[in-house]
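# Structure assessment
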Amino acid sequence: MTPDDVRNRLRSPWPALDVHVHPLDCFGLYKVASVREDARLLVESAKRSGVEKMCLFSLYTTCPREPSVAECREANDYALRMREAAPEVFLPFCYVNPMYPDEAVEEIDRCVAGERMSGIKLWVARRATHPGLDPILERAVALGVPVLQHAWMKTTGNLVGESFPADVADLAKRHPEARIVMAHLNGHGLRGIEDVVDCPNIFVDTSGGDPESGFVEVAVDALGPERVVYGSDAPIRHFGVQMGKTLGTHLPDVTKQDILWNNTARLLPAWAGVGVLEGDAP
């Protein structure tokens, strides 16, 4: 059996839409010479695993935990240039810092209303209980875009501004019309699922660790098949390995297809141009 034979056997029967991807330029994992090289390497890696589209958000080159307004703007400009390099693949999200709520709303207007980014990204500058998030969520609702909020539950203790799943639940209840993707299923585990189970406007992405048997099935059972979405957190994790969390389950094919594509497609604004897949696997 050749490497291509192995790759084809592991390949998803459906294309995948990844809700959680960063540029290679972030985190210092890999040095790239240009935006175009960054885009090319990510696209090539993604397509080998069957990922056809990616929601992309830069956290600025050095990933500061409390980025300045200028650093958020630079990060967003980088994501926009990634889209220019591969417009059929990248769906950039606008990265903002709730330490500066007024400036964050201005940046959302520039990037989402003006540049047609497809969503909003929040990381660890402030926990989701902080009032600085409220104007951001209100603007997201007004523009009809989802918000992806980092969340984790660490045995060693979370960072000062890092959200727990219960914080994200608080945010969702303050803004019931918002559509919130809570990142890192493996990072918050079974307790995190229970914390958001009664928040129908929270969707959980499957990133945050290596595949562990039963995690995705538990999430689908507790939240429903429409509230679990595929996310890899590439390049920190590999597209295909993270996809295996869904493909390796005993869930029905229609549910796998929804996780890998349709559930995220339904969250995105119409201008993203991402349709729902119909029919059985090829």
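These remarks concern the structure in this document. (Residues numbered from 1 in each chain as written. Predicted model: local features only at pLDDT ≥ 70, side-chain atom pairs only at ≥ 80, totals over all residues. Heavy atoms only, no water.)

### Concerning the overall build of the chain
Applicable threshold: Secondary structure is summarised from DSSP: a helix means a run of H or I of at least four residues, a strand means a run of E of at least two, and numbering begins at the N terminus for each. Atoms counted for the radius of gyration: C-alpha only. Globule rule: 2.2 Å times residue count to the power 0.38. For the exposure calls, accessible area comes from a 1.4 Å probe over protein chains only, and a residue counts as buried if that area is under 20% of its type's maximum, exposed if over 50%, partly exposed in between.
For the chain, the count of helices and strands is 10 helices and eight strands. Taken against the 2.2 N^0.38 rule, which gives 19 Å for 282 residues, the C-alpha radius of gyration of the chain at 17 Å falls within 12% of a compact globule. Based on the C-alpha atoms only, the size of the chain along its principal axes is roughly 55 × 45 × 40 Å. Among the 282 residues that make up the chain, the fraction classed as buried is 55%.

### Observations regarding the pairing of strand β4 (residues 119–122)
Filter applied, for reference: Here a strand pair is declared whenever DSSP counts at least two bridges between the two strands. Seen with its strands pointing away from the viewer, a crossover is right-handed when the path leading from the first strand over the helix to the second is clockwise.
Burial of β4 is two-sided: the residues G119 and K121 facing one way and the residues I120 and L122 facing the other way are all buried. Summarising the sheet, strand β3 (residues 90–95) and β4 pair through three bridges and their orientation is parallel. Residue pairing for β4: C94 is matched across the bridge by I120. For the segment spanning β3, helix α4 (residues 101–114) and β4, crossover handedness is right-handed. Bridge analysis of β4 against strand β5 (residues 147–149) gives three bridges, and the strand direction is parallel. Looking at β5, one finds that L122 is bridged to Q149. Remark: the β4/helix α5 (residues 134–143)/β5 crossover connection has right-handed handedness.

### Digging into the pattern of salt bridges
Rules: Salt bridge, as used here, is a side-chain nitrogen of Lys or Arg placed within 4 Å of a carboxyl oxygen of Asp or Glu.
Within this structure, the stated rule accounts for 15 salt bridges. Among the salt bridges present, the one from K154 reaches E162, with a minimum N-O distance of 3.1 Å. Among the residues examined, E162 registers a relative accessible area of 1% and is labelled buried.

### Things to note about the environment of D258
Selection rule: It only takes one pair of heavy atoms within 4.5 Å for two residues to be counted as in contact.
With respect to the helices and strands, D258 occurs in helix α10 (residues 253–267). We classify D258 as buried; its relative accessible area is 14%. For the pair D258 and V218, spaced 40 residues apart in the sequence, the C-alpha separation amounts to 16 Å. Residues within four places of D258 in sequence aside, it is in contact with N263 and R266.

### Some details on the sheet that holds strand β7 (residues 202–205)
Here is the rule we go by: What counts as an axis is a line fitted to C-alpha atoms, over the stretch in contact for a helix, and the angles between N-to-C directions run from 0 to 180 degrees.
Taken in spatial order, the eight strands make up an open sheet running β1-β2-β3-β4-β5-β6-β7-β8, and their pairing is parallel. Bordering the open sheet on either side are β1 (16–21) and β8 (228–229), each of which pairs with just one other strand. In the packing of helix α6 (residues 165–174) onto the sheet, the strands contacted are β5, β6 (180–182) and β7, and the crossing angle to β6 comes to about 175°.

### Overview of the layout of surface pockets
To keep it simple, the criterion reads: Grid points spaced at 1 Å and placed over the protein atoms alone form the basis of the search, with a cavity being a set where a 1.4 Å probe fits but cannot get out and a pocket an open set showing protein on both sides within 12 Å along at least five of seven lines. Lining residues have an atom within 4 Å of a point. Grid points are joined across faces, edges and corners, and a volume is the space filled by probe spheres set on the points. Note on residue classes: Ala, Val, Leu, Ile, Met, Phe, Trp, Tyr, Cys and Pro are nonpolar, Asp, Glu, Lys and Arg are charged, and everything else, Gly too, is polar.
If you add up the space inside the largest pocket, you get close to 280 Å³. Lining the largest pocket are 18 residues, with W123, H150, W152, D233 and I236 positioned closest to its centre. Of the residues contributing to the lining of the largest pocket, the split by class is seven nonpolar, six polar and five charged.

### Comments concerning the packing of helix α7 (residues 185–196) against helix α8 (residues 215–223)
Definition in use: Roughly parallel refers to an angle under 35 degrees, roughly antiparallel to one over 145, roughly perpendicular to one between 65 and 115, and oblique to any angle outside these ranges. In this scheme the handedness of a crossing depends on how the near helix is turned from the far one: anticlockwise by less than a right angle means left-handed, clockwise means right-handed.
Viewed as axis vectors pointing N to C, α7 and α8 meet at an angle of 20°, and their least axial separation amounts to 10 Å. The pairing of α7 with α8 is recorded here as roughly parallel in orientation. You can see that α7 and α8 cross each other, and the crossing is left-handed. Seen from α7, the contacting residues are L185, N186, G189, L190, I193 and V196; seen from α8, they are F215, V216, V218, A219, A222 and L223. When its residues are assigned to classes, the contact of α7 with α8 shows 10 nonpolar, two polar and no charged.

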